[in-house]
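A structural walkthrough
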Amino acid sequence: MPDAPRIRPIEAGDDAAMAAVIRAVMPEFGAVGDGFAINDPEVDWMHRAYAIERAAYFVVVDAGEVKGGCGIAPLLGGSDDICELRKMYFLPELRGRGVGAAMMARCLDAARGFGFRQCYLETLCGMDAAMKLYERSGFRRIDGPLGATGHGGCNTFYLRDL
């Protein structure tokens with residue numbers, strides 16, 4: 001029986017694998033072009049991007065390979081007590097296995113540990129399974145974006161008290 005997927009903090013050696021995951025998953029949902037995270041410079045250096053105060057990024061290792069990840073960081077242009085759940089992407093073979101819920105719990109625990117009081121996220125209509133996960137995890141839809149993420153392509157916004 002294969003080992004269960006494992007969640008751990010990102011390491012510098014994970015950058016290329018995580019960039020490949022992001023670049024594979026986002027086009028599945030039409031999230032390409034200006035205004036989407038796929039074009040963020042940090043996609044190629046996630047370890048360094050999250051090695052800042054009050055930030056963390058976690059990867060999912062399954063069958064010895066990085067197959068997904070998610071992070072939290074202070075919301076750019078937002079209140080000091082709001083973090084953003086960022087870049088949550090999983091390859092298809094991880095989906096439907098409870099990995100999203102486990103990753104969500106890990107990220108929200110980290111956010112609480114950093115002293116955040118709320119967590120914000122933005123996504124795209126059509127990412128139905130992700131939106132169900134967010135809602136099951138206690139996020140509620142809000143009318144518009146918060147902060148200055150630069151992701152004008154996103155059209156669905158959520159907030160959760162921690």
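Along every chain, residues carry numbers that run from 1 in the direction the sequence is written. pLDDT decides what is reported in this predicted model: residues at 70 or higher carry local features, side-chain atom pairs at 80 or more are listed and counted, and totals for whole chains, interfaces and linings draw on all residues regardless. Hydrogens and water are ignored here; the side-chain numbers use all heavy atoms of the structure.

**Observations concerning the packing of aromatic side chains**
The criterion for an aromatic pair is that two Phe, Tyr or Trp rings (for Trp, the six-membered ring) have centres within 6.5 Å, with stacked assigned to planes under 30 degrees apart, edge-to-face to planes over 60 apart and tilted to the rest. Going through the model one piece at a time under the given rule, you end up with 3 aromatic pairs. Chaining the aromatic ring pairs together yields one cluster made of Tyr 134, Phe 139 and Tyr 158. For the cation-ring pair, Arg 48 lies above Trp 45, with the distance from its terminal atom to the ring centre recorded as 4.1 Å. Look at NZ for Lys and CZ for Arg. If either is within 6 Å of the ring centre and within 35 degrees of the ring normal, a charge sits over the ring. The ring of Phe 116 has Arg 54 lying over it, and the distance from NZ or CZ to the ring centre is 3.8 Å.

**Observations regarding helix α4 (residues 128–136)**
Accessibility here uses a 1.4 Å probe with only protein chains present; expressed as a share of the type maximum, an area under 20% marks a residue as buried, one over 50% as exposed, and anything in between as partly exposed. In this text, helices come from DSSP runs of H or I with a minimum length of four residues, and strands from runs of E with a minimum of two, each type numbered from the N-terminal end. Of all the residues in α4, the buried ones are Met 131, Leu 133 and Tyr 134. Along the long axis of α4, the arc covered by the buried residues comes to 155°, so they all point the same way. In α4, the exposed positions that point more than 90 degrees away from the buried face belong to Ala 129, Lys 132 and Arg 136. Any two residues whose heavy atoms approach within 4.5 Å are treated as being in contact. On its buried face, α4 is in contact with β4 (82–90), α3 (99–113), β5 (118–123), β6 (140–142) and β7 (156–161). The directions from the helix axis to the C-beta atoms form the arc being described.

**As for the pairing of strand β2 (residues 56–62)**
With 7 of 7 residues buried, β2 lies mostly within the body of the structure. Burial along β2 is two-sided: the face carrying Ala 56, Phe 58, Val 60 and Asp 62 and the face carrying Tyr 57, Val 59 and Val 61 are both buried. At least two DSSP bridges between two strands are needed for those strands to be called paired. Here β2 runs beside strand β3 (residues 65–74); their pairing, made up of 7 bridges, is antiparallel. Its bridge partner lying in β3, Val 61 is registered against Val 66. Remark: 2 residues form the turn of the hairpin made by β2 and β3, two consecutive strands paired antiparallel; Ala 63 in that turn has positive phi of roughly 50°.

**As for the nonpolar core**
By size, the foremost hydrophobic cluster in this structure holds 26 residues, and its most contacted members are Leu 85, Met 88, Met 103, Met 104, Tyr 134 and Phe 139. At the level of secondary structure, the elements contributing two or more residues to this core comprise β2, β3, β4, α3, β5 and α4. Looking at this core, the element that brings in the most residues is α3, giving 7 residues. Each residue touching Tyr 134, except ones within four places of it in the same chain, is listed here: Leu 85, Met 88, Met 104, Leu 121, Thr 123, Phe 139 and Tyr 158. Only buried residues count toward a nonpolar core. Its members are Ala, Val, Leu, Ile, Met, Phe, Trp, Tyr and Cys residues joined through side-chain atoms within 4.5 Å. One finds Val 21, Ile 22, Tyr 57 and Leu 91 within the second-largest nonpolar core, a separate group that totals 21 residues.

**Observations concerning α3**
In this analysis, the expected span of each helix is defined as 1.5 Å times one less than the number of residues it contains. In a regular helix each residue adds 1.5 Å, so 15 residues correspond to 21 Å; α3 covers 21 Å between its end C-alpha atoms and thus fits that length. Among the residues of α3, those classed as buried are Val 99, Gly 100, Met 103, Met 104, Cys 107, Leu 108, Ala 110 and Ala 111. Angular distribution of buried residues about the axis of α3 spans 155°; they occupy a single face of the element. Facing away from the buried surface of α3 by more than 90 degrees, the exposed residues are Asp 109 and Gly 113.

**A short note on the pairing of β7**
Within β7, 5 of the 6 residues are buried, leaving the element largely enclosed by the surrounding structure. Alignment of β5 against β7, held across 6 bridges, turns out to be antiparallel. Within the sheet, the bridge partner assigned to Cys 119 lies in β7 and is Arg 160. In the sheet, β6 pairs with β7 via 3 bridges, with the strands oriented antiparallel. What sits directly across from Ile 142, in β7, is Phe 157.

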